[in-house]
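Here's the letter readout for the chains.
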Amino acid sequence: MSELRGLIVCLPDAPLDDVVGAVEVLIQEGFSRFALPASGEAFADAVAIFGARATLGALRVSTIVGVESAAAAGARFVLADVASGELAESAARAGLACYLPAMTPTEIRAVLDHAHVAGALLYPADVVGHAMAHRLAELGLADRVVPLGGVGAYAAGEWSKAGSPAVCVDQALLGDALAGGSLALLRDRCGSFRSVEQAMPQG
């Protein structure tokens, strides 16, 4: 079980063809970590197709059954929807890094008290804004926090500067690429995010 580093591209539930097209472009552009809804129709197939070229994880996991299904499909990490120590323990048994949701410093500390947690998933990150990153750094918490939700390239860079080991990006990068939108425009949007990715520690 290894903790996440760099940018994690979080994909919505979408048909497999749309997922494959978008992920292929993103891999070509230098991205290598993706999360998909664990209950989505494309999850298992996407892991099978891209697992040798990228690190894929399960998004929106809320049950132990969901953890077990994600592990069986070949997921490498879990971004959970519930702050459950039992869920984190199940993920650890399966060899998956598990991130439990939290929003306030108190909630983050409570999540990090679980023995099997790789870190706290701060969601929704756009509600608190990237200024929260530096406040969490002052509290000595930022290096165990991964933000998710509405994070653009600038905000991702600010979270990284504050010490977050990984940052989840979604709509600001993806746009409508997984709803029939232009993959060429997706490629164009990659530049600013790629610069952030290249500046982040990858160890």
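Residues numbered from 1 in each chain as written. Predicted model: local features only at pLDDT ≥ 70, side-chain atom pairs only at ≥ 80, totals over all residues. Heavy atoms only, no water.

Within an unreviewed UniProt entry, the label attached to the chain reads Aldolase, and the organism entered is Tessaracoccus lapidicaptus.

(A) The arrangement of the packing of aromatic side chains in detail. One pass over the structure, following the stated rule, counts 0 aromatic pairs. Here R60 stacks its cationic end above the ring of Y123, 4.8 Å away from the centre of that ring. (Phe/Tyr/Trp six-rings, centres within 6.5 Å; stacked < 30°, edge-to-face > 60°. Lys NZ or Arg CZ within 6 Å of the ring centre and 35° of its normal.)

(B) Representation of the sheet that holds strand β6 (residues 119-122) in the model. If you trace the 8 strands from one edge of the open sheet to the other, you get β7-β6-β5-β4-β3-β2-β1-β8, paired in parallel fashion. Lying at the two open borders of the sheet, with one neighbouring strand each, are β7 (145-147) and β8 (166-169). With direction set aside, neighbouring strand axes in the sheet form an average angle of 30°. In this sheet, strand β5 (residues 97-102) lies alongside strand β4 (residues 77-80) in parallel orientation, the contact comprising 3 bridges. Bridging from a neighbouring strand, L79 pairs with Y99 of β5. Against the sheet, helix α10 (residues 183-199) makes contact with β1 (6-10), β2 (33-37) and β8, and its axis sits at roughly 140° relative to β1, the strand it touches most. (Pairing = 2+ DSSP bridges. Helix = DSSP H or I, 4+ residues; strand = E, 2+ residues; numbered from the N terminus. Axes fitted to C-alpha atoms, helices over the stretch in contact; angles between N-to-C directions. Contact = heavy atoms within 4.5 Å.)

(C) Structural view of the nonpolar core. If you look at the biggest cluster of nonpolar residues, it comprises 64 residues, and the most contacted ones within it are L7, V9, V19, L26, F34, I108 and L136. Setting aside residues no more than four positions away along its own chain, F34 makes contact with I8, V9, V23, L26, I27, A54, T55, L56, G57 and F77. Listed in part, the 15 residues of the second largest apolar core include F77, Y99, V146 and L148. (Core = buried A, V, L, I, M, F, W, Y, C linked by side-chain atoms within 4.5 Å. Buried < 20%, exposed > 50% of the residue type's maximum accessible area, 1.4 Å probe, protein only.)

(D) Summary view of the pattern of salt bridges. For the structure shown, the criterion picks out 9 salt bridges. Put simply, R60 and D81 hold a salt bridge, and the shortest N to O gap is 3.2 Å. A residue pair is termed long-range when its members are at least 10 positions apart, and R60 in strand β3 (residues 55-61) and D81 in the loop between β4 and α4 (85-93) qualify at 21 residues. By relative accessible area, R60 is classed as partly exposed at 34%. (Salt bridge = Lys/Arg side-chain N within 4 Å of Asp/Glu carboxyl O.)

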